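The residues making up each chain are set out below.
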Amino acid sequence: MTASTVPAAAGAAPPSQQPSPETGSSGDGQGPGPRRRLTPYWLLLPAGLWLAVFFVAPFFYQASTSVQSGSLEEGFRVTWDFTNYSDALATYGPHFLRSFLYAAVATLLCLLIGYPLAYMIAFRAGRWRSLLLVMVIAPFFTSFLIRTLAWKTILSDSGPVVGVLESLHILDFTSQLGLTGDDRLLATPLAVVCGLTYNFLPFMILPLYSSLERIDLSLHEAARDLYAKPTTTFRKVTFPLSLPGVVAGTLLTFIPASGDYINAQLLGSPNTQMIGNAIQKQFLNVLDYPTAAAMSFILMAIILIAVTVYMRKAGTEELV
Amino acid sequence: MAADSPALAPLRWLRRNAVVIAGLASLGYLLLPNVVVMLFSFNKPAGRFNYEWRTFSTDAWTDPCGVADMCGSLGLSLQVALLATLFATAFGTFAAFALARYRFRGKGTGNALIFLPMAMPEVVMGASLGTLFLNTRVAFGFVTILIAHIMFCLSFVVVAVKARVMSMDPRLEEAARDLYAGPVQTFVRVTLPLAAPGIAAGAMLSFALSFDDFIITQFNAGPSTVTFPMFVWGAAQRGVPVQVNVIGTAMFLIAVAIVLGGQITANRRRRAR
């Protein structure tokens, strides 16, 4: 069986016949020899080839595009023109800064908002636990673009949120900080951060919950028996044990948030554009592919470096 | 002891339940937009944008496909999501078995290859895949969208299935073999049913991710292939019809009904045992 699927799988990779599940198990048996040794490679082949062709190879094309120059009419040619990079950084430096700033603030807010909810579901929910978990993922059932548009209604100039904040003079305070302006929330950095926080909150809550849920409750009791106050128990026992969830959650929030352009587009203004907006505009509207490629490369490099450093510092590499 | 005085009782109650109150507030923040979407599906807006409340109306609910092209884009999204789920679940399940069950050279590379797409912002993946298609002169359209969706769904299927396979007791399969089940029989009757929850979770995740994807899709769709999220994006610039809210609400209610129904039957079965 293995032999018969070999040529098919090797020939035309993507949409062709894949080694059937039975093939996998035929090598699963005790029979030693080259057959069994090759089984994992056949199993990995379709997914591996797909990712190699459509995930890894594109980065090489992008790298070559990012050092091209020319125009859409005359065609682009590789000229090892690294000015694409310096130009991108010079023109879109503020976009990069805003992206990482907004994403960092949104990640922090997600942690602050998500932690109590994850904690409550893990320790205080009792028989409501599974219902609450459903409610955490329930927002996903409606397309996130529609939900982001709903924030336009919630934060609208004549809406209740603006009204309350205005009467409490909070908007005056935030506009002094430069977070809002003209007594409105829409088209301000605050609205973009609020949208980012909202959109990626479940990605923070779920890993937090799964690491909190694994904590042995007798550890809480032990801390109490040793006269630890609830806050001390949290600081010395619960929070350290939930760190893997914190690390996973912050990564799952920060990475997509820093590349997002939907919240900035729908809830922000031209002054709140993030790097995603710039890449999208260069790629899809201006059709300046080299600049788009260079920006996308810079974004990728910064994120890879940041993630590596963060994971080293946090000391968790068991995320896969 | 001041803390024991009755006047401070509400304060103590507040302190004990602070986590629950904060948690419920977070849940409110999370669910508020869904409530707004639902409410505004009954709105009759004055202009082209459905952002401000005017009067109650069921017009949109009685004519959900009354907007040009919307239901077509919905059909396209469903088609893409189903096909992407099918391929991603199959390929991802194979890969998960390889990574969970075998030791081989290059396993670390395989793990990294699976992990990286999840650690990459969508805009980077979308733009680079779009660059590949541009350079190789592949025409943008249905096929390029499908290729992209299978690509980003794969990793999530692998993670879901791998977690399940790793937690499976290998002795069950050994027992099947001891009882003279052939390799095929062991796989079909023992391994596959045991791995099924993981495979189902991966498939559902793929479907949800594919159906809702906008960023990668926007970079890899032609001008004439408009998925539902792309339709909503376009509508956000031109004017949002109330029907968008109807679709959003209907999707929400159907999904909640399926999940709750599944949980209730699972609970019943557990109790019946």
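Computed from a predicted model, the values in this text were never measured in an experiment. (Residues numbered from 1 in each chain as written. Chains lettered and ligands numbered in written order. Predicted model: local features only at pLDDT ≥ 70, side-chain atom pairs only at ≥ 80, totals over all residues.)

Another aspect to go through is the overall build of chain B. A count of helices and strands for chain B gives twelve helices and zero strands. From first element to last, N terminus to C terminus, chain B shows the α and β order α-α-α-α-α-α-α-α-α-α-α-α. Buried positions account for 44% of the 273 residues belonging to chain B. For chain B, restricting intrachain contacts to residue pairs at least 6 apart in sequence, the fraction spanning at least 24 positions comes to 76%. (Helix = DSSP H or I, 4+ residues; strand = E, 2+ residues; numbered from the N terminus. Buried ≥ 20, exposed ≤ 12 C-beta atoms within 10 Å, placed from the backbone. Contact = placed C-beta atoms within 7 Å.)

Glancing now at the overall build of chain A. A tally of regular secondary structure across chain A gives 15 helices and two strands. Within the span of chain A, comprising 320 residues, buried residues form 44% of the whole. In chain A, the share of contacts with a sequence separation of at least 24, taken over all contacts with a separation of at least 6, comes to 65%.

Residues and elements named next belong to chain B. Running from N to C, helix H4 (residues 70-101) and helix H11 (residues 228-238) cross one another at 145°; their axes reach a closest spacing of 7 Å. Facing Met70, Ser73, Leu74 and Ser77 of H4, the residues of H11 in contact are Phe228, Met230 and Phe231. Along the lines of polarity and charge, the residues of the contact of H4 with H11 split into five nonpolar, two polar and no charged. (Axes fitted to C-alpha atoms, helices over the stretch in contact; angles between N-to-C directions. Nonpolar A, V, L, I, M, F, W, Y, C, P; charged D, E, K, R; others polar.)

Next up on the list: the interface of chain A and chain B. If you look at the interface, chain A gives 79 residues, while chain B gives 79 residues. The element that contributes the greatest number of residues to the side of chain A that touches chain B is helix H3 (residues 34-66) of chain A, accounting for 18 residues. The residue makeup of the side of chain A that touches chain B, split by class, is 53 nonpolar, 21 polar and five charged.

Attention now moves to the domain arrangement of chain A. Much of the literature gives interface size as the accessible area that the parts lose upon coming together. All names here are of chain A. Here the domain parsing of chain A yields domain 1 (2-66) and domain 2 (83-314). Listed by partner, the interface residues are four residues for domain 1 and seven residues for domain 2. Split by residue class, the side of domain 1 that touches domain 2 holds one nonpolar, three polar and no charged. (Domains from an automatic or database assignment.)

Turning our eyes to something else, we now look at the packing of helix H9 (residues 189-213) of chain A against helix H12 (residues 243-259) of chain A. When two helices pack together, their arrangement is given by the angle between the helix axes and the distance between those axes. Residue and element names in this part refer to chain A. One can describe the packing of H9 onto H12 by two numbers: an axis separation of 8 Å at closest approach and a directional angle of 160°. One element, H9, and the other, H12, form an angle in the roughly antiparallel class. For the element pair H9 and H12, the recorded crossing hand is right-handed. Contacts from Leu196, Phe200, Phe203, Met204, Pro207, Leu208, Ser210, Ser211 and Leu212 of H9 reach H12 at Pro244, Gly245, Val246, Ala248, Gly249, Leu252, Thr253, Pro256 and Ala257. Class assignment of the residues belonging to the contact of H9 with H12 gives a composition of 13 nonpolar, five polar and no charged. (Parallel < 35°, antiparallel > 145°, perpendicular 65-115°, else oblique. Left-handed = near helix turned anticlockwise from the far one by under 90°.)

Okay, the domain arrangement of chain B next. Residues and elements named next belong to chain B. Splitting chain B by domain gives domain 1 (1-67 + 241-273) and domain 2 (68-240). Put simply, the middle of domain 1 and the middle of domain 2, counted by C-alpha atoms, are 29 Å apart. Taken together, the nine residues of domain 1 in the interface contact eight residues of domain 2.

This next bit is on the nonpolar core. Ranked by internal contacts, the top residues of the largest apolar core, which has 148 residues, are Ala118 of chain A together with Ala95, Met151, Leu154 and Val158 of chain B. Of the residues forming this core, the biggest block, 16 residues, is contributed by H9 of chain A. With residues up to four places along the chain from it excluded, the contact list for Val158 of chain B reads Ala47 of chain A together with Gly92, Ala95, Ala96, Leu99 and Ile114 of chain B. (Core = buried A, V, L, I, M, F, W, Y, C linked by C-beta atoms within 7 Å.)

Residues and elements named next belong to chain A. The pairing of strand S1 (residues 68-71) with strand S2 (residues 75-78) spans four bridges and is classified as antiparallel. Bridge pairing links Gly70 to Phe76 in S2. In sequence, S1 turns back onto S2 through a hairpin of three residues. (Pairing = 2+ DSSP bridges.)

On to the confidence of the model for chain B, then. Residues and elements named next belong to chain B. Across chain B, the average pLDDT comes to 91, with 98% of residues at or above 70. Within chain B, helix H1 (residues 9-16) has the poorest average pLDDT of any element, 86, and helix H10 (residues 215-220) the best, 96. Both scores are given for the predicted complex: the pTM is 0.86, the ipTM 0.88. (pLDDT = per-residue confidence, 0-100.)

Moving on, we get to unusual backbone geometry. All names here are of chain A. Its identity is not glycine, yet His169 carries a phi of approximately 60°, on the positive side. As for its position among the elements, His169 is in the loop between helix H7 (160-167) and helix H8 (170-176). Residue His169 is classed as exposed on the basis of its C-beta count, with 9 C-beta atoms lying within 10 Å. Of note in the backbone geometry, Tyr227 takes a positive phi value of approximately 65° without being a glycine. Mapping Tyr227 onto the fold places it in the loop between helix H10 (217-225) and helix H11 (230-241). On the basis of neighbour counts, which here come to 7 C-beta atoms within 10 Å, the residue Tyr227 falls in the exposed class.

Examined against the element boundaries, Phe49 of chain B turns out to sit in the loop between helix H2 (18-39) and helix H3 (59-62). Not counting chain neighbours up to four residues away, the residues in contact with Phe49 of chain B comprise Gly239 and Val240 of chain B.

This part takes up the confidence of the model for chain A. All names here are of chain A. Mean pLDDT over chain A works out to 84, with 87% of the residues at or above the 70 mark. No element of chain A has a lower mean pLDDT than helix H1 (residues 2-11), which averages 36, and none a higher one than helix H13 (residues 262-267), which averages 95. Per-residue pLDDT stays below 50 along residues 1-31; that stretch engages in 50 contacts with residues further than four places along the chain or on separate chains.

Across the eight residues that make up H7 of chain A, only a small minority, zero, are buried. Directly beyond the C-terminal end of H7 of chain A, a positive phi value near 60° is found at His169 of chain A.

Looking now at the environment of Thr249 of chain B. Residues and elements named next belong to chain B. With respect to the helices and strands, the residue Thr249 is situated in helix H12 (residues 242-272). With 22 C-beta atoms counted inside 10 Å, the residue Thr249 sits in the buried group. Sequence spacing of Thr249 and Val35 is 214 residues, and the spatial spacing of their C-alpha atoms is 8.9 Å. In this structure, Thr249 is in contact with Val37, Met38 and Ser41, ignoring residues within four places of it in sequence.

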